[in-house]
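Chain by chain, the residues:
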Amino acid sequence: MLLNFEFLDYIIVKHTSGDLIIHITNEEAQILASTDIKRRGTKSSTAQYILQVMQPATIGSLAQEAGFRVAYGAPLYSNKELCGSVIVHGAKDAAFRQGELIRVSIESALDYALYSQNREQPADPIASIARLLLQDKPDTGKLLSMMNSQELDPSLLRTVICISLKFHQTSYFNINLNLGYQSSIERLRAEAVTRLKTGRYLNSQDMVYLYNENTIAIIKSFIPASDHTRVYPALDNICQDLEKTLNEFSAFSFGIAYGNLSYGIAELNKSLNEALGIISIGQRARPNERRFVLEHILFDNVCHYLYPQIISKIIEPAIAKLAKKDGSIPEELISCAEDFVDNCMSFSKTSNNHLIHRNTISTRLEKIKSLTGLDPANNFRDAFIVKMLATYIRQHDLWKP
């Protein structure tokens, strides 16, 4: 449930220590978060072994000294189900100590989230159905029975709209005086859910569910259709309407996005995670926005999921060629080239839109070509690489050494 980008990135940052390399994977050994950004999205052979034996293990020669670098791995469990692993490379004692600390932190958070859900939503059958629908491997037999009893059609086309909440603790409440902060937060969450349920685009087949204390999940249904092109504009309108409702609350900021459409009831967890991923990427790329539409952050999304080989073979060598002696990246060159690509490789449009003289644009593009060999003015592939290069530098804040 909490194995999402934002939570795992927080765990990685909190527990990074010294020269340790830390990976957190899912149950398929795919790395979800890592101190080595290039490894994100790849599979860990150490994790595959740990998940196969389903018990902690240290991989390395026992005859070596305690300071010898080893790989320590431990499986992660949620509600007695295997859900991933923690892998730490480093000195033997440090790897074991940090690996166990991370494992306990994640499992404790998962256990608390499960406890909170079971405590807060025991009597609401719709909430129970929503909770099961959003599980990674839902019990379809149980779900069908529960949905039929509530007259919910399991054959509809569905997607998950996610709303991530961030409460303004210092501006809305006096925390130092402890004036009912937690109870007020719970009241506001309940009020937000109530207002969202009355949205004009929601119907009796839709579900609004408090997924966790900072996330509201709306399971939106549509009549099955072979042509999805009309559904996505409808979803954009729905999210725009939901945004207006949420803007009425001054006590929190939020991000909203939706995941992919899915037939049936077995794939909604993927839609949930996709929506959460879009919000996470969108909040970094466009921090002043609240509603994240995929096409508006398309390149940021593509860049986030680039294959490690593309990064190692194309992006990083180009960055190395661009870097100055002090390690900084010439922002004026990259920004100019990105503006040029964004304006359809048109010198006139770039000059008019960004008040840059045509000769300045041409000079900067020639400079990039001389340094990297990339020629966005005459090669679409190079234009795409330049866009990915600028996005990658921005995502990883590489302007300064």
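Not measured: the values here are computed from a predicted model.

**Observations concerning the pairing of strand β9 (residues 252-258)**
1) Next: Among the 7 residues that make up β9, 6 are buried, leaving the element largely enclosed by the rest of the structure.
2) Next: With 7 bridges connecting them, strand β6 (residues 157-167) and β9 associate as antiparallel partners. When the bridges of β9 are listed, F167 appears paired with F252.

**Details of the side chain of H23**
1) Next: Inspection of the secondary structure assignment puts H23 in strand β1 (residues 21-26).
2) Next: Judged by relative accessible area, which is 2%, H23 ranks as buried.
3) Next: Once you skip the residues sitting within four places of it in the chain, H23 turns out to touch I31, A33, S34, R39, S85, V86, I87 and H89.

**Describing the sheet that holds β1**
1) Next: In space, the 5 strands of this open sheet follow the order β2-β1-β5-β4-β3, with antiparallel pairing throughout. Looking along the sheet, the strands with just one partner apiece sit at the ends: β2 (31-34) and β3 (57-59). Taking the axes of each pair of neighbouring strands and ignoring which way they run, one obtains an average angle of 20° across the sheet.
2) Next: The strands touched by helix α2 (residues 45-53) within the sheet are β1, β3, β4 (69-78) and β5 (81-91), with β5 carrying the most contacts at an inclination of about 130°.

**Focus on a nonpolar patch on the surface**
1) Next: Side chains of L294, L298, F299, V302, F380 and F384 sit close together on the surface and give an oily, nonpolar patch of about 520 Å² of accessible area.
2) Next: When contributions to the nonpolar patch are tallied by element, the ones reaching two or more residues are α10 (298-304) and α15 (380-395).
3) Next: Examined against the element boundaries, L294 turns out to sit in the loop between α9 (268-285) and α10.
4) Next: According to the relative accessible area criterion, L294 is partly exposed, its value standing at 32%.

Basis of the calculations
- Residues numbered from 1 in each chain as written.
- Predicted model: local features only at pLDDT ≥ 70, side-chain atom pairs only at ≥ 80, totals over all residues.
- Heavy atoms only, no water.
- Buried < 20%, exposed > 50% of the residue type's maximum accessible area, 1.4 Å probe, protein only.
- Helix = DSSP H or I, 4+ residues; strand = E, 2+ residues; numbered from the N terminus.
- Pairing = 2+ DSSP bridges.
- Contact = heavy atoms within 4.5 Å.
- Axes fitted to C-alpha atoms, helices over the stretch in contact; angles between N-to-C directions.
- Patch = residues over 30% accessible without salt bridge, like charges linked within 9 Å, V, L, I, M, F, W, Y side chains within 5 Å.
- Areas by Shrake-Rupley, 256 points an atom, 1.4 Å probe, with all protein chains shown as cover.
- Salt bridge = Lys/Arg side-chain N within 4 Å of Asp/Glu carboxyl O.

Taken by themselves, the reported measurements are silent on function.
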